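Now for the letters of each chain:
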Amino acid sequence: AFIYCFLIDEQSQVTQFFPNPAQPSAAVAAGRQVNFPGAMGFRITASNSGTPETIACLASAIDLGSVALGKPIVARDVGALKQAFSFRAGQVTEAGVFHVKVQ
């Protein structure tokens, strides 16, 4: 599958962090574990405002290239992100979603 991972921050801004310049290919073999950020040269830092943020990784059967969504988007929630992604990729085959809140 081709995996694309995003952070929806406290401002509802969507940032794609995988693939990225350190790992430009979205292809991930079945059964392979990918650790973020691992050795990819970036950090993911949770907001200390207490506002929930979301990390979502979506899989596609087709390669969308290094930028899955093109221009930046605002997604109020994972449903809106999935809809925007599906518009570009067709059917989303799998999704992993993690909600992050610093208390």
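Look a little higher up for the structure.
Below: a short report on this structure.

**Considering the overall build of the chain**
Then step 1. When helices and strands are counted, the chain shows one helix and four strands.
Then step 2. With 103 residues in all, the chain has 33% of them scored as buried.
Then step 3. Across the chain, every contact between residues at least 6 apart in sequence was considered, and the portion connecting residues at least 24 apart equals 66%.

**A closer look at the packing of aromatic side chains**
Then step 1. Under the defined criterion, the tally for this structure stands at two aromatic pairs.
Then step 2. Ring geometry for Tyr-4 against Phe-85: centres 5.6 Å apart, planes inclined by 50°, an arrangement best described as tilted. Here Tyr-4 is found in strand E1 (residues 2-8), whereas its partner Phe-85 is found in helix H1 (residues 78-89), with 81 residues between them in sequence. The same class applies to Tyr-4 as to Phe-85, namely buried.
Then step 3. Geometrically, the ring pair formed by Phe-6 and Phe-85 is edge-to-face, given 6.2 Å between the ring centres and 75° between the ring planes. Of this pair, Phe-6 sits in strand E1 while Phe-85 sits in helix H1, and the two are 79 residues apart along the sequence.
Then step 4. Relative accessible area serves as the criterion here: at 1%, Phe-6 is assigned to the buried category.
Then step 5. A residue is classified by how much of its surface remains accessible, and Phe-85, at 0% relative accessible area, is buried.

**Structural notes on unusual backbone geometry**
A negative phi angle characterises most non-glycine residues, just as the trans form characterises most peptide bonds.
Then step 1. A cis amide bond, omega 0°, links Phe-18 with the succeeding residue Pro-19.
Then step 2. Among the secondary structure elements, Pro-19 is positioned in the loop between strand E2 (14-18) and strand E3 (53-60).
Then step 3. Positive phi is not limited to glycine here, since Ser-12 has a value of about 65°.
Then step 4. With respect to the element layout, Ser-12 can be found in the loop between E1 and E2.

**Topic: the sheet that holds E3**
Paired through backbone hydrogen bonds, the strands of a sheet run either parallel or antiparallel to each other.
Then step 1. Here four strands make up an open sheet; going across it, the order is E2-E1-E3-E4 and the pairing antiparallel. Taken across any chain shown, the strands that pair with only one partner, and hence form the sheet edges, are E2 and strand E4 (94-100). Sheet twist, expressed as the mean angle between neighbouring strand axes with direction ignored, is 20°.
Then step 2. Set on the sheet, H1 makes contact with E1, E2, E3 and E4; between it and E3 the angle comes to about 25°.

Rules used throughout
- Residues numbered from 1 in each chain as written.
- Predicted model: local features only at pLDDT ≥ 70, side-chain atom pairs only at ≥ 80, totals over all residues.
- Heavy atoms only, no water.
- Helix = DSSP H or I, 4+ residues; strand = E, 2+ residues; numbered from the N terminus.
- Buried < 20%, exposed > 50% of the residue type's maximum accessible area, 1.4 Å probe, protein only.
- Contact = heavy atoms within 4.5 Å.
- Phe/Tyr/Trp six-rings, centres within 6.5 Å; stacked < 30°, edge-to-face > 60°.
- Pairing = 2+ DSSP bridges.
- Axes fitted to C-alpha atoms, helices over the stretch in contact; angles between N-to-C directions.

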